[in-house]
Amino acid sequence: TGAGRPSSLSEEDQRAVYEQLKRDRKLRWIAEAAGRIDRIARDARRERMATQGGGSIVDIEPTNDISRVMPSELLRLSHPVLAADFKRRLLDHQALGFRRERREKAGKGPVIFCLDSSGSMGGGKDSPEIWGKAVALALYREAASREKPFLYIHFSSGGQVVAERFEARPGEEIAFIEHCSIFFGGGTDYVLALDECLKAFDEDGMTKADVIFVSDGEYPTGRIADRTEAYK
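Described in the following lines is the structure provided in the data block. (Residues numbered from 1 in each chain as written. Predicted model: local features only at pLDDT ≥ 70, side-chain atom pairs only at ≥ 80, totals over all residues. Heavy atoms only, no water.)

**Considerations on the overall build of the protein**
Our working definition: A run of DSSP states H or I qualifies as a helix once it reaches four residues; a run of E qualifies as a strand once it reaches two. Both are numbered from the N-terminal end. The buried label goes to any residue with under 20% of its type's maximum accessible area, the exposed label to any with over 50%, and the partly exposed label to all in between, with areas taken from a 1.4 Å probe on protein chains only. For this analysis, residues touch if any pair of their heavy atoms sits within 4.5 Å.
A tally of regular secondary structure across the protein gives eight helices and six strands. When the 232 residues of the protein are sorted by exposure, 35% land in the buried category. Considering only intrachain contacts with a sequence separation of at least 6, the fraction spanning at least 24 residues in the protein is 73%.

What follows is the structure in structure tokens.
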């Protein structure tokens, strides 16, 4: 999930994920793109929090930022000997300062992710399929960090639809990555996914779910389009 990020996967599970990615280049592309999306989201969150300023004091840490230095450290400036020691430690990033965090409001509910798996979505590394599945993986990690359910729906046409619910359990990302390998081809029938969404809202803990619907815009025509309009 990126350099320095903690993982809930055991060593054995991490090896299993590695083998999955080694065997399937599409899964590698999905994991790489999801990592980029995750990093962009984290950087944007940090930048937003930095511009807003403030935050709660959560710890004390070594620093060279004079604005965060503890008052007890600043008192050393009034003593000729201690002042020199303080300046040296400040330059060496060793002065004691406050660490602040501004906690953002977490999303309230679980996620229902509907992915169009029709033939027009497929292709190479930059295809809508890879992008959509990367977004799904990044959103699953976010939902898992909040311990909220994630319902992953793949659909195309001709009754081809599969829905899998994930509960942020340890090691579950292996099964999630396997689920990412599903691809039906064929046409597009939005009603299949919408029906699954309605069912999901009746399940425990899914009342406040956010629905993300990913498609390439190849809107169905004929009978399927009529069904979709009727659904609206």
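**Overview of the environment of Ile30**
With respect to the helices, strands and loops of the structure, Ile30 is situated in helix α2 (residues 25–52). When the C-alpha atoms of Ile30 and Lys125 are compared, they prove to be 8.4 Å apart, with 95 residues separating the residues in sequence.

**Re a nonpolar patch on the surface**
Just so we agree on the cut-off: Nonpolar side chains (Val, Leu, Ile, Met, Phe, Trp, Tyr) are joined into patches within 5 Å and like charges within 9 Å, using only residues with over 30% relative accessible area and no salt bridge. Using a 1.4 Å probe, accessible areas were evaluated by the Shrake-Rupley method; residue-level cover was limited to the displayed protein chains. When a carboxyl oxygen of Asp or Glu is within 4 Å of a side-chain nitrogen of Lys or Arg, the pair counts as a salt bridge.
Together, Ile66, Leu74 and Leu77 give the surface a local cluster of nonpolar side chains, amounting to about 250 Å² of exposed area. Tracing the backbone shows Ile66 in the loop between β1 (56–63) and α3 (71–74).

**Description of the pattern of salt bridges**
All chains considered together, the criterion is met by 17 salt bridges. Note that Lys125 is salt-bridged to Glu32, the shortest N-O span being 3.7 Å. Taken together, the residues Lys125 in the loop between β3 (111–116) and α5 (128–145) and Glu32 in helix α2 connect sequence positions 93 residues apart. In this structure Lys125 comes out as partly exposed when scored by relative accessible area, which is 44%. With a shortest N-O distance of 2.5 Å, Arg165 and Glu167 are connected by a salt bridge. Overlapping salt bridges bring together Glu73, Arg76, Asp85, Arg88, Arg89 and Asp92 as one network.

**Notes on the packing of aromatic side chains**
Two aromatic rings, taken as a pair, are described by how far apart their centres are and by the angle between their planes. Our working definition: Each pair of aromatic rings taken from Phe, Tyr and Trp, with Trp reduced to its six-membered ring, is defined by centres within 6.5 Å and is described as stacked if the planes are under 30 degrees apart, edge-to-face if over 60, and tilted in the remaining cases.
On inspection of all chains with the given rule, the structure shows twelve aromatic pairs. Pairing Tyr140 with Phe176 gives two aromatic rings, centres 4.3 Å apart and planes at 15°, and the pair type is stacked. Taken as a pair, Tyr140 in helix α5 and Phe176 in helix α6 (residues 173–179) lie far apart in primary sequence, 36 residues in all. Take Tyr140: its relative accessible area is 3%, and that puts it in the buried class. Plain terms: the ring middles of Phe150 and Tyr152 are 6.1 Å apart, the flat faces sit at 90° to each other, and that makes the pair edge-to-face. Ring pairs connect the aromatic residues Phe113, Tyr140, Phe150, Tyr152, Phe166 and Phe176, which therefore count as one cluster.

**What about the nonpolar core?**
To be explicit about the condition: In plain words, nonpolar cores are sets of buried Ala, Val, Leu, Ile, Met, Phe, Trp, Tyr and Cys residues tied together by side-chain atoms within 4.5 Å.
In this structure, Phe113, Phe150, Tyr152 and Phe176 are the most contacted members of the largest nonpolar core, which totals 23 residues. Mapped by element, the contributors of at least two residues to this core are α2, β3, α5, β4 (150–155) and α6. Among the elements that take part in this core, α5 stands out by supplying seven residues, more than any other. Counting residues in hydrophobic clusters, the runner-up holds twelve residues, among them Ile112, Ala193, Ala200 and Met206.

**Quick notes on the pairing of β4**
For clarity, the cut-off: Pairing between strands is defined by DSSP: at least two bridges between them are needed.
Counting buried residues in β4 gives six out of six residues, a clear majority hidden from the surface. Along β4, one buried face is formed by Phe150, Tyr152 and His154 and the opposite face, lined by Leu151, Ile153 and Phe155, is buried too. Bridge count for β3 against β4 is six bridges, and the pairing is parallel. Bridge assignment links Asp116 to a residue of β4, and that residue is Phe155.

**Focus: the sheet that holds strand β5 (residues 161–166)**
Which entries qualify depends on this criterion: Axes here refer to lines fitted to C-alpha atoms; in helices the fit is confined to the stretch in contact. Angles between the N-to-C directions go from 0 to 180 degrees.
In space, the four strands of this open sheet follow the order β5-β4-β3-β6, with mixed pairing throughout. The open sheet has two edge strands, β5 and β6 (210–214), and neither has a second partner. Averaged over all neighbouring strand pairs, the angle between strand axes comes to 15°, with direction disregarded. Sheet analysis places β3 next to β6, joined by five bridges and oriented parallel. Note that in β6 the partner of Cys114 across the bridge is Phe213. Here helix α7 (residues 190–201) sits on the sheet in contact with β3, β4, β5 and β6, set at roughly 160° to β4.

**Digging into unusual backbone geometry**
The backbone of His93 shows a phi angle near 60°, a positive value even though the residue is not glycine. In this structure, His93 sits in the loop between α4 (80–91) and β2 (95–101). Residue classification places His93 among the partly exposed positions, given a relative accessible area of 43%. Notably, Glu147 is not glycine yet its phi reads approximately 60°, a positive angle.

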